[in-house]
Amino acid sequence: LPTQGSLLYLDTLRAAFPQALASRATALLSWAPGGHCAPMGWPLPTLYCTPAKAGALPSRAAALRVQLLFALQTRALRVLEAGLATELHDALATLRANWPGLAEDLALGKLSPQPGLPEDDRCQLQALLVPDATRAAEVQAECALGFEGIVQRLWPQLEVVVVGMAHGTEQLYCDALRQADCKGLPFYCPFYQVAGALLGVNLWPKELAPRFLLCPDWAFCEFLPCPAEEEPRTVLLGELWEGREYGLVLTARPGEYRCRTGEVLRVAGFHKQCPVVEPVCRESQVLSVRGESIPEERFYRSLCRAVGMWPGARLVDYVCVESALLGASSGACAPHYEVFLELQGLRDLSEGQRYKLDQCLQEDFPIYKSFRFKGSIGPLRLHLVGAGAFARLREALGSPLPMPRVLREERLLQLIQSTVIS
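Not measured: the values here are computed from a predicted model. (Residues numbered from 1 in each chain as written. Predicted model: local features only at pLDDT ≥ 70, side-chain atom pairs only at ≥ 80, totals over all residues. Heavy atoms only, no water.)

### Section: the overall build of the chain
This is how it is decided: A run of H or I in DSSP becomes a helix once it reaches four residues, and a run of E becomes a strand once it reaches two; helices and strands are each numbered from the N terminus. With C-alpha atoms as the basis for the radius of gyration, the globule rule is written as 2.2 Å multiplied by the number of residues raised to the power 0.38. Burial classification: accessible surface area is computed with a 1.4 Å probe over protein chains only, and a residue below 20% of its type maximum counts as buried, one above 50% as exposed, and the rest as partly exposed. Throughout, a contact is declared for two residues whenever any of their heavy atoms are within 4.5 Å. Per-residue and other accessible areas follow the Shrake-Rupley method at a 1.4 Å probe size, with only the shown protein chains counted as cover for residues. Here the positive residues are Lys and Arg and the negative ones are Asp and Glu; neither His nor the chain ends is included. Every charge is mapped onto a representative atom, which is NZ of Lys, CZ of Arg, CG of Asp or CD of Glu.
Along its length, the chain carries 13 helices and 16 strands. Taken over the C-alpha trace, the chain has a radius of gyration of 23 Å; the compact-globule value for 422 residues is 22 Å, and the two agree within 12%. By principal-axis analysis of the C-alpha atoms, the chain measures approximately 65 × 55 × 35 Å. For the chain, the residues scored as buried account for 52% of the 422 residues in total. Of the contacts formed within the chain by residues at least 6 apart in sequence, a portion of 65% connects residues at least 24 apart. Accessible surface computed for the chain: about 18500 Å², of which carbon and sulfur atoms make up 55%. Taken as two groups, the 41 positive and 45 negative side-chain charges of the chain have centres that lie 3 Å from each other.

### Re helix H4 (residues 85–108)
Heads up, the rule is: One less than the residue count of a helix, multiplied by 1.5 Å, gives the span that helix is expected to have. Note on bend: at a given residue it equals the angle between the axes fitted to the 7 residues ending there and to the 7 starting there.
The end-to-end C-alpha separation of H4 is 30 Å, well short of the 34 Å expected for 24 residues at 1.5 Å each. Asn 98 marks where H4 bends most, by close to 90 degrees; the proline Pro 100 follows one to four residues later. Of the residues flanking the end of H4, it is Gly 109, one or two places downstream, whose phi is positive at about 65 degrees.

### Concerning the pattern of salt bridges
Note the cut-off: The term salt bridge refers to a side-chain nitrogen of Lys or Arg lying within 4 Å of a carboxyl oxygen of Asp or Glu.
By the definition in use, this model includes 25 salt bridges. The partner of Arg 153 in a salt bridge is Glu 142, with the nearest N and O atoms 2.8 Å apart. With Arg 153 in helix H7 (residues 150–154) and Glu 142 in helix H6 (residues 133–144), this pair connects stretches of sequence that are 11 residues apart. For the salt bridge of Asp 358 with Arg 372, the shortest nitrogen-to-oxygen distance reads 3.1 Å. In this pair, Asp 358 is assigned in helix H10 (residues 351–364) and Arg 372 in helix H11 (residues 366–374), connecting sequence segments 14 residues apart.

### Overview of the side chain of Glu 342
Counted only if it meets this: N or O atoms closer than or at 3.5 Å make up a polar contact, with two conditions inside protein: a donor-capable atom paired with an acceptor-capable one, and, for residues adjacent in sequence, both atoms drawn from side chains.
Tracing the sequence through the fold places Glu 342 in strand S15 (residues 337–344). No salt bridge is formed by the buried Glu 342; the nearest opposite charge belongs to Arg 394, separated by 6.5 Å. For Glu 342, the side chain forms a polar contact with the main-chain nitrogen of Gly 388, separated by 3.0 Å. Other than its neighbours up to four places away in sequence, Glu 342 contacts Arg 314, Leu 315, Val 316, Asp 317, Val 385, Gly 386, Ala 387, Gly 388, Ala 389 and Phe 390.

### Section: the sheet that holds strand S6 (residues 197–201)
This is how the line gets drawn: Pairing between strands is defined by DSSP: at least two bridges between the two strands are required. Angles run from 0 to 180 degrees between N-to-C directions of axes, and those axes are lines fitted to C-alpha atoms, restricted for helices to the stretch in contact.
Here 7 strands make up an open sheet; going across it, the order is S5-S6-S7-S11-S10-S9-S8 and the pairing antiparallel. One side of each edge strand has no neighbouring strand; the edge strands of this open sheet are strand S5 (191–194) and strand S8 (220–226). For this sheet, the mean angle separating the axes of adjacent strands, direction not counted, is 50 degrees. Two strands pair when backbone bridges link them, and S5 and S6 are joined in this way by 4 bridges, in the antiparallel orientation. Considered in S6, the bridge of Val 194 is made with Ala 197.

### Notes on the side chain of Glu 159
Assignment of secondary structure puts Glu 159 in the loop between H7 and strand S3 (160–163). In this structure Glu 159 is buried but unpaired, with Arg 78 as the nearest side chain of opposite charge at 4.3 Å. Among residues more than four places away in sequence, those in contact with Glu 159 are Phe 17, Pro 18, Gln 19, Ala 20, Arg 78, Leu 185 and Pro 186.

### Regarding the sheet that holds strand S2 (residues 79–82)
Each strand in a sheet pairs with its neighbour through backbone hydrogen bonds, running either in the same direction (parallel) or in the opposite one (antiparallel). Taken in spatial order, the 4 strands make up an open sheet running S1-S2-S3-S4, and their pairing is parallel. The open sheet has two free edges, formed respectively by strand S1 (26–29) and strand S4 (187–188), since each of these has just one partner strand. The sheet contact formed by S3 and S4 spans 2 bridges and is parallel. Bridging from a neighbouring strand, Val 161 pairs with Phe 187 of S4.

### As for the packing of helix H12 (residues 389–397) against helix H13 (residues 410–417)
Heads up, the condition is: Working rule for angles: under 35 degrees goes down as roughly parallel, over 145 as roughly antiparallel, 65 to 115 as roughly perpendicular, anything else as oblique. By convention, the crossing between two helices is left-handed when the near helix turns anticlockwise from the far helix through less than a right angle, and right-handed when the turn is clockwise. Here the nonpolar group is Ala, Val, Leu, Ile, Met, Phe, Trp, Tyr, Cys and Pro; Asp, Glu, Lys and Arg are the charged ones; every other residue, Gly included, is treated as polar.
At a closest axis distance of 10 Å, the pairing of H12 and H13 adopts a crossing angle of 150 degrees. As summarised for this structure, H12 and H13 are arranged roughly antiparallel, according to the angle between their axes. Crossing handedness for the pair H12 and H13: right-handed. Contacts from Ala 389, Phe 390, Arg 392, Leu 393, Ala 396 and Leu 397 in H12 reach Arg 411, Leu 412, Leu 415 and Ile 416 in H13. Counted by class, the contact of H12 with H13 contains 8 nonpolar, no polar and 2 charged residues.

### A short note on the pairing of S1
Residues of S1 alternate between two faces, with Thr 26 and Leu 28 on one and Ala 27 and Leu 29 on the opposite face, all of them buried. In this structure, S1 lies alongside S2, joined through 4 bridges in parallel fashion. Paired with Leu 29 across the strands is Ala 82, a residue of S2.

Pasting the structure below:
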């Protein structure tokens, strides 16, 4: 990150949360195989209570478990930082499933052997642990009471949760964490990064929806007005209009490359003449079996509305697939959507409940309803998958990048199909 970006972030964080920069008061949950790099981009290791080596382990699951253990050891946390909201989500899922073992490791000051944790690394990391029976008993007592608001109960001085991304595919996890494990805590997404380039910084950490100040000298940005014009012409920062949406064209470094990123932004306003933007969607994340082009984020809204009609259900995770990608396993009917869901609080769905999602899509998208009426798009098919299926899928991806919601890879499709329970 540019030094200016790191300094802006640190100053904004300190102004909003005065104790956030205390020494060893930040826990990092982020997997960076092959080398440690703090997602927020500054070389200040004294901020962290989690060792750098833990984030560079060969296994994502092992890295998050070890980082979680070091975070649990530090009661006086002020900041809980995750490269992605999915990483925080999966680390807390590990806490739910393995809290007795984690508490035992805390009490004994040891690091239990586990898959993906090389023995040499385990010994080096274990040397940094200190036996703490009092803290272990506290963790056991809080976990035994349930996991609603568990983050603030385990770390009562925590001020903020910092995540590397809180929009797009990561919004589902942020919403789920706000409603349950991290209830009562603000989420702060400091930076807007696209294609490896830093474009903007969030100067409003206490606001619910992230918005970013575009900084003109960090990368060269051009913008294509949306909807697309017949003869598209890019405009520059000084030509943006408040309230309009634009596709982003990026030149990360002068003369290196210029590309259309697929990002769509909305201009929310201006700060000292610089535009403030909100990410809207990615143009590539759309469902389109007959050219209907339903954006992923709007499909997600329809899905949330349908889940609200299933008593007791809470959406944990999902992916959607166009039936053509499944081949013969999708049946002989017209092209349609195949949706794979992981739910909490509901073991099965009736046919009437399953149809609610298709009904919501027809209500929200007239073009989808038209194709359904004509029979050129078949009925949506909905499948429930077992608990933890998506966490295993993220492990199989072998990448710290966000997992797409509209799946295209056959290898991943086969993996998710193998976890279907109904």
